[in-house]
Amino acid sequence: MTIRTILVDDQPMVRDGFRILLDARPELTVVGEASNGESAIEELSLTPADVVLMDVRMPGMNGIEATRLIARPSGPRVLILTTFDLDEYVYQALRAGASGFLLKDTPLDELVAGIIHVHEGDAVVAPTTTKRLLEHFTSESSRKQLQQRAAGIAGLSDLTVREREVFDLVVRGRSNAQIASDLSLVEGTVKVHVSRVFAKLHIRDRVQAVVLAYESGYLEPEGRLL
């Protein structure tokens, strides 16, 4: 089964280019296009999709607002694909529910791999943005703002001991297979634990898990756990 994708970009030539490239890959099929957030939501109401490739700057509803409406637990994954490698876009996109953030000049093989990873529930963030994303959490003013919001984040205290162990490893970037090895579990059991953790924390994937861990102060920017 191929991964059904929808392209959202206000430039027809950009959409045409990506459609040609992605349709040539056996893993993917482009099932729809949209020129802004509103038309993307309308397209999704008519055409089922697995992954939405979302631009940020568009007339009308932008990609961040559209992501916030599309990235529901039962909805498709959203992979932000933009020309602008700006901190504010990365953080806003991830908070809105995007499962990843890549630049439009990402090599095709890396883009296809990113779509597959996002479809499978993993996180994808362009390497050039990762360091600055951590720096966002490191600044004193940002840390104070995040700590102020932490009081309103529920769910961490509801995790069982085992679920807390799994959560600790998820936010440190460990895959399900690696977690299974670390905790001497079978991978299927890890998947069940991960699903329960996400349900209790009201998040849908590993990107949101990491954002939640930083915002709540549970994970320090240097990777230390409380």
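The structure reproduced in this document is the subject of the present report. (Residues numbered from 1 in each chain as written. Predicted model: local features only at pLDDT ≥ 70, side-chain atom pairs only at ≥ 80, totals over all residues. Heavy atoms only, no water.)

## Some words on the overall build of the protein chain
Our working definition: Labels follow the DSSP assignment, with helices taken as runs of H or I lasting at least four residues and strands as runs of E lasting at least two, numbered in each case from the N terminus. Three exposure classes are used, based on accessible area relative to the maximum for each residue type with a 1.4 Å probe and protein chains only: buried under 20%, partly exposed in between, and exposed over 50%. Computed with a 1.4 Å probe, the accessible areas rest on the Shrake-Rupley method; for each residue, only the protein chains presented here act as cover.
The number of helices and strands found in the protein chain is 11 helices and six strands. Among the 226 residues that make up the protein chain, the fraction classed as buried is 49%. A total of about 11000 Å² of accessible surface is found on the protein chain, and carbon and sulfur atoms cover 54% of it.

## Notes on the side chain of Ser-99
With respect to the helices, strands and loops of the structure, Ser-99 is situated in the loop between helix H4 (87–96) and strand S5 (100–103). On the basis of relative accessibility, which here comes to 0%, the residue Ser-99 falls in the buried class.

## A closer look at helix H5 (residues 108–119)
We apply this condition: One less than the number of residues in a helix, times 1.5 Å, gives the span that helix is expected to have. Here, the arc refers to the directions that run from the helix axis to the C-beta atoms.
The end-to-end C-alpha separation of H5 is 16 Å, in line with the 16 Å expected for 12 residues at 1.5 Å each. Looking only at H5, the buried set comprises Leu-111, Val-112, Gly-114, Ile-115 and Val-118. Considered in projection along H5, the buried side chains sweep an arc of 155° and stay on one side of the axis. At the exit of H5 stands Gly-121, carrying a positive phi of roughly 95°.

## What about the environment of Pro-59?
To keep it simple, the criterion reads: Residue contacts are defined here by distance: any two heavy atoms, one from each residue, within 4.5 Å place the two residues in contact.
Among the secondary structure elements, Pro-59 is positioned in the loop between strand S3 (51–54) and helix H3 (63–70). Sequence separation of Pro-59 and Asp-9 is 50 residues, and the distance between their C-alpha atoms is 9.8 Å. With sequence-adjacent residues up to four places away left out, Pro-59 is seen in contact with Asp-10, Asn-36 and Glu-38.

## Some details on the packing of helix H1 (residues 12–23) against H5
The line we're drawing: In this analysis an axis means a line fitted to C-alpha atoms, helices contributing only their contacting stretch, and an angle means the value between N-to-C directions, from 0 to 180 degrees. An angle counts as roughly parallel when it lies under 35 degrees, as roughly antiparallel when it exceeds 145, as roughly perpendicular when it falls between 65 and 115, and as oblique in every other case. Side-chain classes follow a simple rule in which Ala, Val, Leu, Ile, Met, Phe, Trp, Tyr, Cys and Pro form the nonpolar group, Asp, Glu, Lys and Arg form the charged group, and the remainder, Gly included, forms the polar group.
Contact geometry of H1 with H5 gives a least axis separation of 11 Å together with a crossing angle of 80°. Taken as axis vectors, H1 and H5 run roughly perpendicular relative to one another. Contact residues: Phe-18, Leu-21 and Leu-22 in H1; Leu-108, Leu-111, Val-112 and Ile-115 in H5. For the contact of H1 with H5, the residue count by class is seven nonpolar, no polar and no charged.

## A few points about the environment of Leu-81
Checked against the element boundaries, Leu-81 lands in strand S4 (residues 77–82). As for Leu-81 and Leu-102, which are separated by 21 residues in sequence, their C-alpha atoms are 5.0 Å apart. Apart from residues no more than four positions distant in its own chain, Leu-81 is found in contact with Phe-18, Leu-53, Met-54, Asp-55, Leu-102, Leu-103, Lys-104 and Leu-111.

## Concerning the pairing of strand S1 (residues 3–8)
What counts, and what does not: Being paired, for any two strands, means DSSP has found at least two bridges between them. Orient the strands so they point away from the viewer; a crossover is then right-handed if the path from the first strand over the helix to the second runs clockwise.
Of all six residues making up S1, five are buried, and the element is well covered by its neighbours. Note: S1 against strand S2 (residues 28–34), six bridges, orientation parallel. Across the sheet, residue Ile-6 finds its bridge partner in S2, namely Gly-32. Each parallel crossover has a hand, and for S1 linked through H1 to S2 it is right-handed. As judged from the four bridges shared by S1 and S3, these two strands associate in the parallel manner. Each residue of the ladder has a partner; that of Leu-7, found in S3, is Leu-53.

## Side note on the sheet that holds S5
The sheet built from six strands is open, its strands ordered S2-S1-S3-S4-S5-S6 with parallel pairing. Strands at the two margins of the open sheet, each flanked by one partner only, are S2 and strand S6 (124–125). Strands in contact with H5 are S1, S2, S3, S4, S5 and S6; relative to S4, the strand with the most contacts, it is inclined by about 155°.

## Focus: the nonpolar core
Quick reminder of the rule: Residues enter a nonpolar core if they are buried and are Ala, Val, Leu, Ile, Met, Phe, Trp, Tyr or Cys, with the set joined through side-chain atoms within 4.5 Å.
In terms of nonpolar packing, the biggest core is built from 27 residues, with Val-8, Met-54, Ile-70, Val-78, Ile-80 and Phe-101 touching the most fellow members. Mapped onto this core, the elements with two or more residues apiece are S1, helix H2 (37–46), S3, H3, S4, H4, S5 and helix H11 (206–215). Top contributing element to this core by residue count: H4, with five residues. Sequence-distant contacts of Ile-70, that is, excluding residues within four places in its chain, are made with Ala-40, Ile-41, Leu-44, Met-54, Gly-75, Pro-76, Val-78 and Arg-204.

## Considerations on the environment of Leu-28
Note that Leu-28 resides in strand S2. The contacts of Leu-28, once residues within four sequence positions are left out, are Thr-2, Ile-3, Leu-22, Val-112 and Ile-115.

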